[in-house]
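Structure at a glance
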Amino acid sequence: MISDESDRFNPRDPKPVDAGKPSKSAKRREARKLATQALYQWHMAQHSLNEIEAQFRVDNDFSDIDGAYFREILHGVPAKKTEIDNALKPCLELALEELDPVELSVLRLSAWELLVRVDVPYRVVINEGIELAKVFGATDGHKFVNGVLDKLAPVLREAEVKAHKR
């Protein structure tokens, strides 16, 4: 049996080279946060994606953010907007136009990840969507987002969801 001691911090050992640097998942989480805000801005103001991206890069420190992922989301969601919205509609009791714009931005980002980024497990996509809704959405918006994504995941990731339930 392997002892837990090997996983504990030892103050006598030198720190790893990347100590204090955020993990890949933390950088992606930050990219999703900024992308949610950028998609909201795109939805509300209808500015060009390049203009929004440039503004976000000037206004934010990208040293701890996966900038490539931010860009991929920001340009990927609008490119697949029709497909995303068509996938979301059967999972909603309201029309897309009636949704809170923040929650719509979170749902579109999450739906895009389910559609395009099969390397990101569906449960991670759902959890990240819930967390984004907690940060940016209305008080119980995360519950709404959770319900929609729980309906959407089996449609867009049928094999993965079935395999997980076994």
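Values in this document were obtained by computation on a predicted structure and should not be read as measured data.

Criteria and thresholds
Residues numbered from 1 in each chain as written. Predicted model: local features only at pLDDT ≥ 70, side-chain atom pairs only at ≥ 80, totals over all residues. Heavy atoms only, no water. Helix = DSSP H or I, 4+ residues; strand = E, 2+ residues; numbered from the N terminus. Buried < 20%, exposed > 50% of the residue type's maximum accessible area, 1.4 Å probe, protein only. Contact = heavy atoms within 4.5 Å. Expected span 1.5 Å × (residues − 1). Polar contact = N/O pair within 3.5 Å; in protein donor to acceptor, adjacent residues only side chain to side chain. pLDDT = per-residue confidence, 0-100. Axes fitted to C-alpha atoms, helices over the stretch in contact; angles between N-to-C directions. Parallel < 35°, antiparallel > 145°, perpendicular 65-115°, else oblique. Left-handed = near helix turned anticlockwise from the far one by under 90°. Nonpolar A, V, L, I, M, F, W, Y, C, P; charged D, E, K, R; others polar.

This paragraph deals with the environment of Gln41. By the element assignment, Gln41 lies in helix 1 (residues 24-45). Overall, the relative accessible area of 17% leaves Gln41 in the buried class. Separated by 11 residues in sequence, Gln41 and Ile52 place their C-alpha atoms 7.7 Å apart. The residues contacting Gln41, other than those within four sequence positions of it, are Gln46, His47, Ile52, Gln55 and Phe56.

Moving on, we come to helix 5 (residues 101-116). Taking 1.5 Å per residue, 16 residues should reach 22 Å; helix 5 reaches 22 Å between its end C-alpha atoms and fits that length. The buried fraction of helix 5 is high, at 13 of 16 residues. Where helix 5 begins, the capping side chain belongs to Asp100, and its oxygen is found 2.8 Å from the backbone nitrogen of Val102.

What follows concerns the environment of Ile84. Tracing the sequence through the fold places Ile84 in helix 4 (residues 81-88). Residue Ile84 is classed as buried on the basis of its relative accessible area, which comes to 0%. With 27 residues separating them in the primary sequence, Ile84 and Ala111 have C-alpha atoms 6.1 Å apart. Non-local contacts of Ile84, meaning those with residues more than four positions away in its chain, are made with Val77, Arg108, Ala111, Trp112 and Leu115.

The next thing to look at is the confidence of the model for the chain. Mean pLDDT for the chain: 89, with 88% of residues reaching 70 or above. Low confidence marks residues 1-17, where pLDDT is under 50. Its contacts with residues over four positions away, or in another chain, come to 0 contacts.

Where helix 1 meets helix 6 (residues 122-136), the closest approach of the two axes is 11 Å, and the angle between their N-to-C directions is 55°. If you check the angle between helix 1 and helix 6, you find them oblique. Crossing of helix 1 over helix 6 shows right-handed handedness. Where helix 1 abuts helix 6, its residues Arg29, Arg32, Lys33, Thr36 and Gln37 lie against Glu128, Leu132 and Phe136. When the residues that make up the contact of helix 1 with helix 6 are grouped by side-chain class, the tally is 2 nonpolar, 2 polar and 4 charged.

It is worth spelling out helix 3 (residues 67-79) at this point. The first and last C-alpha atoms of helix 3 sit 18 Å apart over 13 residues, in line with the 18 Å expected at 1.5 Å per residue. Residues of helix 3 that are buried make contact with helix 1, helix 2 (49-59), helix 4 and helix 5.

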